[in-house]
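Single-letter residue listing:
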Amino acid sequence: MPLAESLGIEFKSDCKRLSDDELVEALVCLANSEGGELWLGVEDDGTPTGLHEAHQNLTGLPGLVAARTSPSLTVTVSDFAFSGVRVARIVVSQSGTEVATTSGVYLRRRLKQDGTPECVPMLPHERSSRAGHFGLADASAQPVAGTTLADFDPLERERLRQAIRQYGGDRVLLELDDESLDGALGFTIRHGSGERVPTLTGLLVIGRETALRERVPTHELAFQVLAQQAVRFNEFRRFPLLKALDWLETNFRPYNPEGEVQIGLFRVPVPLVDMGAFREAVANALVHRDYHRLGAVHVRLDDQGLTVSNPGGLVDGVTLANLLVTEPRPRNPALADAMKRIGIVERSGRGVDKIYRGMLRFGRPEPDYSRTNDYGVVLQLSTADADQAFLQLVVEQENRREGKPLPIDTLIVLAALREQRRLNTEALAEHIQRDPGQARRTLEHLVEAGLVESHGNTRNRSYTLSADVYRAKGEQVAYTRQAGFSRLQHEQMILGHVQHHGEIRRNEVMDLCHLNKDQASRLLSKLKAEGKLVQHGNKRGSFYRLD
């Protein structure tokens, strides 16, 4: 059997006739997870044993599943023959809403410690969490049971108004009284009786710490500093968000030393971690975390860098492959909107760009989200030494733009070429998460600006940083190694090929040296004129041998 049971594939034996209820529950379990395939008539070890005689006619199976699920599931059924026995493959897609059997059973799929999957009941808080993942519900806009307006802290209200001034928030909010401000930021909603009650957003932003501990036990922030395995700082807090951010920044600054670089007439600060990227990363973790899941937002600084993690994976539609270009999809829209209007997070919803800019501007590696999974987002920011020459390049380009920052696509392309030396259009398109056409336009602008050079013909074209950039960094030899190879070594490559294989044709020169037709013809003519090669044949049939 060419299959192995995994999170998206399940086997069900049908020797003793799998009951309709068991079959439907297994499909509900898959639909409430990632979707997948159920192979009926296959043992747990992958051995096909065949369908029970009651399931030989598969025509009515889709209708049975639809009739016994709510909302109705659509499945695709096909049959296969393995080792002389007939089995059925039932494919079900991931459902955008939670699905139950008509008898009220909600199930989801998970992996056990040994790596094998199992179906478990979907609990009420998991159903709410799943609705938030798909953007079907906003937990931050819901009232918090058992709370009253007395759970709002007057000191946090004052901190809120100060934050709006400090971070350049919506200044119209400063003109509102407390009740109007609560309504404008979604801190309260009204019951049918007209009474105002706090929402989760209100409690998180201006709630008392005691109320947060009792009513929102999932909210917690941890800050840890580890140096050579020694714990230098390790504290957990349940402060309201604005106080938590102030507390974290105050305690983080002593561990974030800042140097300076002289660029022209100006001294440019070079911190260990860019504070703009730090604030955005932490704020994003607090705003977009899943408040149905237990677990703290962790901020950890160690010898490798800064790690920020939060419970709850990326929401539906957001992946690591489109993080830079997808439209904002907050898990908690009401909370995200309030924090934008206060000025804490990026108003445009492009906070990821700010994090990337804070890393790449200093010549450090890209932000690393590779450890992110379905249960949590993990962001790692390297604290490697800054590349002062690259920073100087960026600052000079910004000065030419009258202080405007470089477009994020431009910064990513320059950083990628700095790191990997030579890349083609397709590879750079993956870095900026756009199509090759957009990547090509970005590269053309950089070529015109004298920052990037192209090499090779259209089909095999690749790009490096320009000679001027390498010269400014004092790496002329590295430039020659990357860009000069084609000019210095093409002749030797051609002569070596002829020496080993006896002859060479123009199309072989094009493939060997990544040249277009005209370039290959000129190079062969040059070698012929110098007496190094002799031409045999004419036009398309011509080939060249050693003299």
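The structure under discussion appears in the preceding block.
Residues numbered from 1 in each chain as written. Predicted model: local features only at pLDDT ≥ 70, side-chain atom pairs only at ≥ 80, totals over all residues. Heavy atoms only, no water.

Student: Residues and numbers for the overall build of the chain, please.
Tutor: When helices and strands are counted, the chain shows 20 helices and 22 strands. The C-alpha extent of the chain, read off along each of the three principal axes, is 95 × 80 × 45 Å. The buried share of the chain, reckoned over its 547 residues, is 47%. Across the chain, every contact between residues at least 6 apart in sequence was considered, and the portion connecting residues at least 24 apart equals 60%. Of the roughly 27100 Å² that the chain leaves accessible, carbon and sulfur atoms contribute 47%. Of the side chains in the chain, 68 bear a positive and 73 a negative charge, and the two mean positions are spaced by 5 Å. (Helix = DSSP H or I, 4+ residues; strand = E, 2+ residues; numbered from the N terminus. Buried < 20%, exposed > 50% of the residue type's maximum accessible area, 1.4 Å probe, protein only. Contact = heavy atoms within 4.5 Å. Areas by Shrake-Rupley, 256 points an atom, 1.4 Å probe, with all protein chains shown as cover. Lys, Arg positive; Asp, Glu negative; His and termini not counted. Charge placed at Lys NZ, Arg CZ, Asp CG, Glu CD.)

Student: Outline helix α14 (residues 425-432), listing residues and values.
Tutor: Taken residue by residue, α14 has T425, L428, A429 and I432 as its buried positions. Angularly, the buried residues of α14 cover 105 degrees about the axis, an arc narrow enough to put them on a single face. Those residues of α14 hidden inside the fold are in contact with α13 (408-420), β18 (423-424), α15 (436-448) and β20 (462-465). A side-chain oxygen of the first residue of α14 lies 3.3 Å from the backbone nitrogen of E426; this N-cap is N424. A positive backbone phi angle near 60 degrees is found at Q433, which sits one or two residues after α14. (Arc of directions from axis to C-beta. Polar contact = N/O pair within 3.5 Å; in protein donor to acceptor, adjacent residues only side chain to side chain.)

Student: Explain the sheet that holds β18 to me, and be specific about the residues and the numbers.
Tutor: With respect to topology, three strands assemble into an open sheet ordered β18-β20-β19, the strand pairing being antiparallel. In this open sheet, the two edge strands, each paired with only one partner strand, are β18 and β19 (452-455). Sheet topology places β18 next to β20; two bridges connect them, and they run antiparallel. Residue L423 lies in a different strand from β20, and its bridge partner there is Y463. (Pairing = 2+ DSSP bridges.)

Student: Lay out the state of the cysteines in plain terms, naming residues and giving numbers.
Tutor: Under the criterion given, the structure shown has one disulfide. C119 provides the cysteine sulfur closest to C15, a residue in no disulfide bond, and the two sulfurs are 20 Å apart. With a relative accessible area of 45%, C15 lands in the partly exposed category. (Disulfide = S-S within 2.5 Å.)

Student: So what about empty space enclosed by the protein? Which residues, and what values?
Tutor: Empty space among the atoms can be located by rolling a probe the size of a water molecule over them. As enumerated under the stated definition, the model contains two cavities of 30 Å³ or more in all. The volume enclosed by the largest cavity comes to roughly 590 Å³. Forming the boundary of the largest cavity are 32 residues, of which N284, H288, L314, L323 and V352 lie nearest the centre. Contributions of two or more residues to the lining of the largest cavity are made by α9 (275-288), β16 (305-311), α10 (333-342), α11 (351-360) and β17 (376-382). Taken together, the residues that form the lining of the largest cavity break down as 17 nonpolar, eight polar and seven charged. (1 Å grid on protein atoms, 1.4 Å probe; cavity = no way out; pocket = protein on both sides within 12 Å on 5 of 7 lines; lining within 4 Å. Points joined across faces, edges and corners; volume = space filled by probe spheres on them. Nonpolar A, V, L, I, M, F, W, Y, C, P; charged D, E, K, R; others polar.)

Student: How would you summarise the sheet that holds strand β15 (residues 297-301) if you had to cite specific residues and measurements?
Tutor: A sheet is described by the order of its strands in space; here five strands give the open sequence β12-β11-β15-β16-β17, paired in mixed fashion. Sheet topology places β12 (230-237) and β17 at the edges, where each strand pairs with a single neighbour. For this sheet, the mean angle separating the axes of adjacent strands, direction not counted, is 10 degrees. Bridging between β15 and β16 involves four bridges; their strand directions are antiparallel. (Axes fitted to C-alpha atoms, helices over the stretch in contact; angles between N-to-C directions.)

Student: Can you explain the packing of helix α19 (residues 506-513) against helix α20 (residues 517-529)? Please cite residues and give values.
Tutor: Here α19 crosses α20 at 110 degrees, and the two axes come no closer than 9 Å. Taken together, the axes of α19 and α20 are roughly perpendicular relative to one another. Of the residues in α20, those touching α19 at R506, V509 and M510 are K517, A520, S521 and L524. For the contact of α19 with α20, the per-class residue count stands at four nonpolar, one polar and two charged. (Parallel < 35°, antiparallel > 145°, perpendicular 65-115°, else oblique.)

Student: Any chance you could break down the environment of E249 for me, citing the residues and the numbers?
Tutor: For E249, the position within the fold is in helix α8 (residues 241-252). Between the C-alpha atoms of E249 and M275, which are 26 residues apart in sequence, the distance is 8.8 Å. Not counting residues within four places of it along the chain, the set of residues in contact with E249 comprises Y167, M275, F278 and R279. At 3.0 Å, the side chain of E249 and the side chain of R279 are in polar contact.

Student: Tell me about the environment of E260, residues and numbers included.
Tutor: Structurally, E260 can be placed in strand β13 (residues 258-263). Along the primary structure E260 and F80 are separated by 180 residues, whereas in three dimensions their C-alpha atoms are 68 Å apart. E260 has contacts with R267, V268, P269 and V270, leaving out every residue within four places of it along the chain. Among the polar contacts listed, one links the side chain of E260 to the side chain of R267, at a separation of 2.7 Å.

Student: Hey, could you go over the packing of α11 against α13 for me, with residue numbers and the actual values?
Tutor: Here α11 crosses α13 at 40 degrees, and the two axes come no closer than 10 Å. Considering their axes alone, α11 and α13 lie oblique with respect to each other. Considering how the two elements wind past one another, α11 and α13 form a crossing that is left-handed. Between α11, through D353, Y356, R357 and L360, and α13, the contact on the second element is made entirely by I408, L411, I412 and A415. Across the contact of α11 with α13, the residue classes break down as six nonpolar, no polar and two charged. (Left-handed = near helix turned anticlockwise from the far one by under 90°.)

Student: Could you give an account of the nonpolar core, with specific residues and numbers?
Tutor: Grouped together as the largest cluster of nonpolar side chains are 88 residues, with contacts concentrated most on L160, F223, F278, V299, L306, M339 and I342. Residues contacting F223, with those up to four places away along its chain left out, are F233, N234, E235, W247, L248, N251, F252, Y255 and V299. In terms of nonpolar packing, the next biggest core, distinct from the first, is built from 20 residues, A31, L73, I90 and V92 among them. (Core = buried A, V, L, I, M, F, W, Y, C linked by side-chain atoms within 4.5 Å.)

Function-wise, these values are silent; they only describe arrangement.
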